[in-house]
Amino acid sequence: MNVIIFGPPGCGKGTQSQGIVKKFNLYQVSTGHLLRIEIKEKTEVGKKIEQIISRGDFVNDDIVNKLLKKVVINPNYRNRIIFDGYPRNITQAESLEIMLNADNQSINYILFLKVNREIIEKRILGRIICEKCNKTLNEYLNKEEIEKHECGITYLKKRKDDNQASIITRYEEYIKKTKPVLDFYSSRTYFHEIDGSQKIQVITNKIEHILKV
């Protein structure tokens, strides 16, 4: 199956995606992770991406779609992809359908995590990500887990765009551009809205129930 999970920045998409990957043997495609790989490898595209992200803006569709298409057409991941935070706008939603249809694939489940901005701010300001395994933790909520992290704490880094000004910019940009994607998908029978302000395990249980149906 192919799954889309989306919602505002910091709503818990990455955390829930990691759980779904393990439980259902899917491959997680986070556009943010794909972009950070380019930045880390200091490619020409990566340098351009870094400038855009540091302003709190979204990377343009052409760049994202090219990176994403490599994954979609990879036979190792066929019909077992979870799209984490993509699509962000109508153009991307339409492009994704074209990509999948061209390879005789489709989306089976759409999961929308709904969370207000106040909660998101608390989550993002404490967020740290492991550069080695891509796991997301919160320095306020996961202190014990951080100390015992198997990759070592030296790999745990804060993202450059995880600051108050950037959070506000990204949230407003999300509302403006991603709200139409909700309208695009919400009438479909495989669209599921989930309260993303609940505890992680509660959300996980709801998602697992949906995916097992």
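Residues numbered from 1 in each chain as written. Predicted model: local features only at pLDDT ≥ 70, side-chain atom pairs only at ≥ 80, totals over all residues. Heavy atoms only, no water.

Some thoughts on the sheet that holds strand E1 (residues 3-6)
Two pairing modes exist for strands in a sheet, parallel and antiparallel, and in both the strands are linked by backbone hydrogen bonds.
Phase 1 of the analysis: Overall, parallel pairing links the 5 strands, which are arranged E2-E3-E1-E4-E8 in an open sheet. The two strands at the open ends of the sheet, each matched to only one other strand, are strand E2 (27-30) and strand E8 (191-195). Averaged over all pairs of adjacent strands, the angle between strand axes in this sheet comes to 20 degrees, irrespective of strand direction.
Phase 2 of the analysis: Here E2 pairs with strand E3 (residues 81-84) via 4 bridges, running parallel. Note on E3: the bridge partner recorded for glutamine 28 is isoleucine 82. (Pairing = 2+ DSSP bridges. Helix = DSSP H or I, 4+ residues; strand = E, 2+ residues; numbered from the N terminus. Axes fitted to C-alpha atoms, helices over the stretch in contact; angles between N-to-C directions.)

Some details on the pairing of strand E5 (residues 127-130)
Phase 1 of the analysis: Residues of E5 alternate between two faces, with Arg127 and Ile129 on one and Ile128 and Cys130 on the opposite face, all of them buried.
Phase 2 of the analysis: By the bridge criterion, 3 bridges tie E5 to strand E6 (residues 136-138) in an arrangement that is antiparallel. Paired with isoleucine 129 across the strands is threonine 136, a residue of E6.
Phase 3 of the analysis: Bridge count between E5 and strand E7 (residues 156-157): 2 bridges; the pairing is antiparallel. Residue pairing across strands places isoleucine 129 opposite lysine 157, the latter belonging to E7. (Buried < 20%, exposed > 50% of the residue type's maximum accessible area, 1.4 Å probe, protein only.)

A short note on the layout of surface pockets
Phase 1 of the analysis: Counted as a void, the second largest pocket has a volume near 190 Å³.
Phase 2 of the analysis: Forming the boundary of the second largest pocket are 13 residues, of which Phe112, Lys114, Tyr174, Lys179 and Leu182 lie nearest the centre.
Phase 3 of the analysis: Mapped by element, the contributors of at least two residues to the lining of the second largest pocket are strand E4 (109-114), helix H8 (164-185) and E8.
Phase 4 of the analysis: In the lining of the second largest pocket, the residues fall into 9 nonpolar, 1 polar and 3 charged. (1 Å grid on protein atoms, 1.4 Å probe; cavity = no way out; pocket = protein on both sides within 12 Å on 5 of 7 lines; lining within 4 Å. Points joined across faces, edges and corners; volume = space filled by probe spheres on them. Nonpolar A, V, L, I, M, F, W, Y, C, P; charged D, E, K, R; others polar.)

Description of the confidence of the model for the protein chain
Phase 1 of the analysis: The predicted model of the protein chain has a mean per-residue pLDDT of 88, with 99% of residues at 70 or higher.
Phase 2 of the analysis: Considering each helix and strand of the protein chain separately, the mean pLDDT is smallest for helix H6 (residues 117-125), with a value of 77, and largest for E8, with 95. (pLDDT = per-residue confidence, 0-100.)

Focus on the sheet that holds E6
Phase 1 of the analysis: Strand order in the open sheet formed by 3 strands is E6-E5-E7, with antiparallel pairing between adjacent strands. One side of each edge strand has no neighbouring strand; the edge strands of this open sheet are E6 and E7.

Re H6
Phase 1 of the analysis: What H6 keeps buried is the set Ile120, Glu121 and Ile124. Relative to the axis of H6, the buried residues are bounded by an arc of 105 degrees and lie together on one face. Relative to its buried face, H6 has exposed residues pointing more than 90 degrees away, namely Glu118 and Lys122.
Phase 2 of the analysis: Backbone nitrogen of isoleucine 119 and a side-chain oxygen of the N-cap are separated by 3.1 Å at the start of H6; the cap is asparagine 116. (Arc of directions from axis to C-beta. Polar contact = N/O pair within 3.5 Å; in protein donor to acceptor, adjacent residues only side chain to side chain.)

Details of the packing of helix H1 (residues 13-24) against helix H9 (residues 200-212)
Phase 1 of the analysis: Running from N to C, H1 and H9 cross one another at 45 degrees; their axes reach a closest spacing of 10 Å. Considering their axes alone, H1 and H9 lie oblique with respect to each other. Considering only the axes of H1 and H9, their crossing is right-handed. Judged by residue contacts, Thr15, Gln16, Ile20, Lys23 and Phe24 of H1 engage Ile200, Ile203, Thr204, Ile207, Glu208, Leu211 and Lys212 from H9.
Phase 2 of the analysis: The residue inventory of the contact of H1 with H9, partitioned by class, reads 6 nonpolar, 3 polar and 3 charged. (Parallel < 35°, antiparallel > 145°, perpendicular 65-115°, else oblique. Left-handed = near helix turned anticlockwise from the far one by under 90°. Contact = heavy atoms within 4.5 Å.)

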